[in-house]
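# Summary of structural features
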Amino acid sequence: MKRRISFLLLLGLVLSLTACGHRHDVQTHQIFAMDTVMDFAAYGGDTQGFFTAATQEINRLEALLSRTREGSDIAHINAGGTVSVSVETAALLQEALDYAQVTGGSFDMTVAPLVNAWGIHTETPRVLTQADIDALLPLVGSEHVHIDGTTVQLDPDCAIDLGGIAKGYASMRVAQLFEVYQIEGGWVSLGGNVYTYGTKDGKAPWLVSIRDPQSPAGTAAMVGLSHKFAVTSGGYQRYFTAEDGTVYQHIIDPATGAPARSDLLSVTIISDNGTMADAYSTALYVMGAQGAADFWRSHRDAFDMVLITSDGKVLYTPGLETSLTWEEGGSYKASILT
């Protein structure tokens, strides 16, 4: 099997650091955590204090929420039995259950047994038979998670994975630090989970480049954002190719137990809530273009989105009409969702 894992950011930041003759001294910082590259940028205030605090917070959350980190709350839960967890973990688990309900199960943290079996995130992925999938599907579903205050219990053989919202939640925690350290402007990019704070020059929003799924070094569109979270999900990020040439991407459809067969190449969610944006970007990718559009119409006050479809379209919501740009005559035809 051939396997590709790309650590290219799903959302790249195109930063113009000068305006009106004045140059802001933007400082940058980079770490590797939560299995991805994370970048930070800031100007004004105590930038080094911000970078140190952000790194410590990311490391703290990884130790708390990683399912592969020995001693984490999630590892303890997955080990079985009745477990006492932190208030923070219990709240995030409940939030994950809420997102599972509102998306009709398209986002589901209990898909972990299938993620493990497919192994797409590992060096040894494999193609499951339908019998393999049928044996694991009964383990998937919110009904297997029992929360009472800070006490959590899973049904036997079940497992959870907060990878679908952990970086989104982490971006929200880091976003709070900009004000603590009196930063004037900046951004964070936690493996494609982006937050923009303030402006790039005291006036203009930061420009966030939505990568071209068919050419990840290129750009499909750009959107100007300030004080917003933007999260992209797409099958091109991680995948493997089986011996027969079939490509299996990493996002599992909880309904089928197999990698999602979506007519979307990528979904970008833009919102005031980073955790929600993370969950919805995965769920709407699984839903496909029509399902994603219908879901947005039912929740249009909660978020904006950009869909890139397999037939060459960039579909965007009205809230982005004045901030989204794309190359005229390029690979994609852009149109607004109504």
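Here, every reference points to the structure presented above.
I will try to describe carefully the structure that is included in this document.

Thresholds, definitions, all that
Residues numbered from 1 in each chain as written. Predicted model: local features only at pLDDT ≥ 70, side-chain atom pairs only at ≥ 80, totals over all residues. Heavy atoms only, no water. Axes fitted to C-alpha atoms, helices over the stretch in contact; angles between N-to-C directions. Helix = DSSP H or I, 4+ residues; strand = E, 2+ residues; numbered from the N terminus. Parallel < 35°, antiparallel > 145°, perpendicular 65-115°, else oblique. Left-handed = near helix turned anticlockwise from the far one by under 90°. Contact = heavy atoms within 4.5 Å. Nonpolar A, V, L, I, M, F, W, Y, C, P; charged D, E, K, R; others polar. Buried < 20%, exposed > 50% of the residue type's maximum accessible area, 1.4 Å probe, protein only. Polar contact = N/O pair within 3.5 Å; in protein donor to acceptor, adjacent residues only side chain to side chain. Pairing = 2+ DSSP bridges. Phe/Tyr/Trp six-rings, centres within 6.5 Å; stacked < 30°, edge-to-face > 60°. Salt bridge = Lys/Arg side-chain N within 4 Å of Asp/Glu carboxyl O.

## Quick word on the packing of helix H6 (residues 166-175) against helix H8 (residues 274-298)
- The interhelical angle for the contact between H6 and H8, taken along N-to-C directions, is 160 degrees, at an axis separation of 7 Å. On the basis of their axis angle, the class for H6 and H8 is roughly antiparallel. Of the two possible hands of crossing, H6 and H8 adopt the one that is right-handed. The segment H6 lies against H8, with Ala166, Lys167, Gly168, Tyr169, Ser171 and Met172 engaging Gly274, Thr275 and Asp278.
- For the contact of H6 with H8, a count of residues per class yields 3 nonpolar, 4 polar and 2 charged.

## Notes on the side chain of Ser72
- Relative to the assigned elements, Ser72 resides in the loop between helix H1 (47-65) and helix H2 (73-78).
- Ser72 gets classed as buried once you look at its relative accessible area, which sits at 1%.
- From its side chain, Ser72 meets the backbone oxygen of Arg69 in a polar contact 3.1 Å long.
- Within the local environment of Ser72, its side chain forms a polar contact with the backbone nitrogen of Ala75, the two atoms lying 3.0 Å apart.
- Contact partners of Ser72, with chain neighbours within four places excluded, come to Ala63, Leu64, Leu65 and Ser66.

## Notes on the pairing of strand S13 (residues 215-225)
- In this structure, strand S12 (residues 206-212) lies alongside S13, joined through 7 bridges in antiparallel fashion. By the bridge assignment for S13, Ser209 is matched with Met222.
- Here S13 runs beside strand S20 (residues 324-325); their pairing, made up of 2 bridges, is antiparallel. By the bridge assignment, Met222 is partnered in S20 with Thr325.

## As for the environment of Asp35
- Position of Asp35 among the secondary structure elements: in the loop between strand S5 (27-33) and strand S6 (36-43).
- Separated by 86 residues in sequence, Asp35 and His121 have C-alpha atoms that sit 9.9 Å apart.

## A word on the packing of H1 against H6
- Axis separation between H1 and H6 bottoms out at 10 Å; the angle between their running directions is 150 degrees. Relative to H6, the crossing made by H1 is right-handed. Facing Phe50, Ala54, Glu57, Ile58, Arg60, Leu61 and Leu65 of H1, the residues of H6 in contact are Tyr169, Ala170, Arg173 and Val174.
- Grouping the constituent residues of the contact of H1 with H6 by class yields 8 nonpolar, no polar and 3 charged.

## Side note on the packing of aromatic side chains
- The final tally for this structure, using the stated rule, is 11 aromatic pairs.
- Ring geometry for Tyr280 and Phe295: centres 5.1 Å apart, planes at 85 degrees, overall edge-to-face.
- Three or more aromatic residues joined by ring pairs make a cluster, and in this case those are Phe50, Phe51, Phe178, Tyr195, Tyr197 and Phe229.

## Thoughts on the pattern of salt bridges
- For the coordinates displayed, the defined rule picks out 9 salt bridges.
- For Arg60, the salt bridge is made with Glu57, and the minimal N-O distance between the two is 2.8 Å. One end of the pair is Arg60 and the other is Glu57, both in helix H1 and 3 residues apart, which spans about a single turn.
- Classification of Arg60 as partly exposed rests on a relative accessible area of 33%.
- Residue Arg126 is joined to Asp132 by a salt bridge in which the shortest nitrogen-to-oxygen separation is 3.7 Å.
- For Arg126, a relative accessible area of 39% translates into the label partly exposed.
- One connected set of salt bridges, linked through shared partners, spans Glu57, Arg60, Glu88 and Arg173.

Note that all results are geometric; they support no functional claim without further evidence.
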